[in-house]
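# Understanding the architecture of this molecule
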Amino acid sequence: QKLKEARMEAKAEIKDVHQNAKMEIKDIHGKLASTTKEVRDEVKDNIKNRIDNRYDKMLKRFQATIDRENVIMGKINTRIAKIKTSGGNTTDAEKLVADGKTLLDKAVIDLATLKTLSDAQSALDNSSTTIKDLKKGLDALRKAGAVVEKDLQGAHKDFEKAVGSLRGVSQLHNATSTKDN
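Below, the discussion takes up the environment of Q153. With respect to the secondary-structure elements, Q153 resides in helix 3 (residues 131–173). Taking relative accessible area as the criterion, Q153 reaches 45% and is therefore assigned partly exposed. Between the alpha carbons of Q153 and A10 there is a distance of 81 Å; along the sequence they are 143 residues apart.

This brings us to the nonpolar core. Nonpolar side chains tend toward joint burial in soluble globular proteins. Ranked by internal contacts, the top residues of the largest apolar core, which has 28 residues, are F62, I76, V97, L114, L152 and F159. A per-element tally of this core places helix 1 (residues 2–85) first, with 11 residues. If near-sequence neighbours (up to four positions away) are discounted, V97 is found in contact with M73, I76, N77, I80, F159 and A162.

It is worth spelling out the confidence of the model for the protein at this point. Mean pLDDT for the protein: 83, with 91% of residues reaching 70 or above. When mean pLDDT is compared element by element in the protein, helix 2 (residues 91–123) scores highest at 90, while helix 3 scores lowest at 84. The model gives residues 170–175 a pLDDT under 50, and that stretch makes eight contacts with residues more than four places away or in other chains.

All chains considered together, the criterion is met by seven salt bridges. One salt bridge in this structure joins K84 and E94, with 2.5 Å as the shortest N-O distance. On the criterion of sequence distance, the pair formed by K84 in helix 1 and E94 in helix 2 is long-range, its members being 10 residues apart. The salt bridge partner of K106 is D151, with a shortest N-O separation of 3.4 Å. Here the residue K106 occupies a position in helix 2, and D151 occupies one in helix 3, the gap between them amounting to 45 residues. Judged by its relative accessible area of 40%, K106 is partly exposed. Residue classification places D151 among the buried positions, given a relative accessible area of 2%.

What follows covers the packing of aromatic side chains. For the structure shown, the criterion picks out zero aromatic pairs. The positively charged end of R61 is found above the aromatic ring belonging to F62, 5.4 Å away from the centroid.

Our focus in this paragraph is the side chain of D151. Polar contacts involving the side chain of D151 include one to the side chain of K106, which spans 3.4 Å. Once residues within four sequence positions are removed from consideration, D151 is found in contact with L103, K106, A107 and D110.

Bringing helix 2 into the picture now. Each α-helix winds once per 3.6 residues, and so residues spaced three or four apart point in a common direction. Look at helix 2: 48 Å from first C-alpha to last across 33 residues, which is about the 48 Å you get at 1.5 Å a residue. Turning to helix 2, its buried residues are A93, L96, V97, G100, L104, A107, D110, L111, L114, S118 and Q121.

About the criteria used
Residues numbered from 1 in each chain as written. Predicted model: local features only at pLDDT ≥ 70, side-chain atom pairs only at ≥ 80, totals over all residues. Heavy atoms only, no water. Helix = DSSP H or I, 4+ residues; strand = E, 2+ residues; numbered from the N terminus. Buried < 20%, exposed > 50% of the residue type's maximum accessible area, 1.4 Å probe, protein only. Core = buried A, V, L, I, M, F, W, Y, C linked by side-chain atoms within 4.5 Å. Contact = heavy atoms within 4.5 Å. pLDDT = per-residue confidence, 0-100. Salt bridge = Lys/Arg side-chain N within 4 Å of Asp/Glu carboxyl O. Phe/Tyr/Trp six-rings, centres within 6.5 Å; stacked < 30°, edge-to-face > 60°. Lys NZ or Arg CZ within 6 Å of the ring centre and 35° of its normal. Polar contact = N/O pair within 3.5 Å; in protein donor to acceptor, adjacent residues only side chain to side chain. Expected span 1.5 Å × (residues − 1).

Here's what the structure looks like:
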């Protein structure tokens, strides 16, 4: 009789311990799920902040570069006009400026694409997007930024070559330089 009671008590204790273990495991799973969700949200916020801050600054920097390149192109065109009036041959420089302008116009279009991508990424809702989607968007922004940068560098190199070709011509024909006040 005592043995049966001891067995029943042991079974009841085992059952209680088993039940408590199940509850603790459920608690741990719940905590892990909420912690994992918090970490994911934190990563999403981090990526969105990078997109907002980094690409807004990049857009401003590229726009300033485009503006400077337009000023440079204007100065080169003025220089070409002066050399032409003094009888110099400026066909090479004109071709290089035209190529540079084409690249500069392409950079403006690519900058608009970059801005659109950046705005689209900033407008995404954290709850409905995945980290993978955000990273794909970040990668697309990087690639679009690289295209704009490449276009701007190409335009600048063309303008440098145009100035170089004008230097040789202007030394022969004594053209005066334009001075800003």
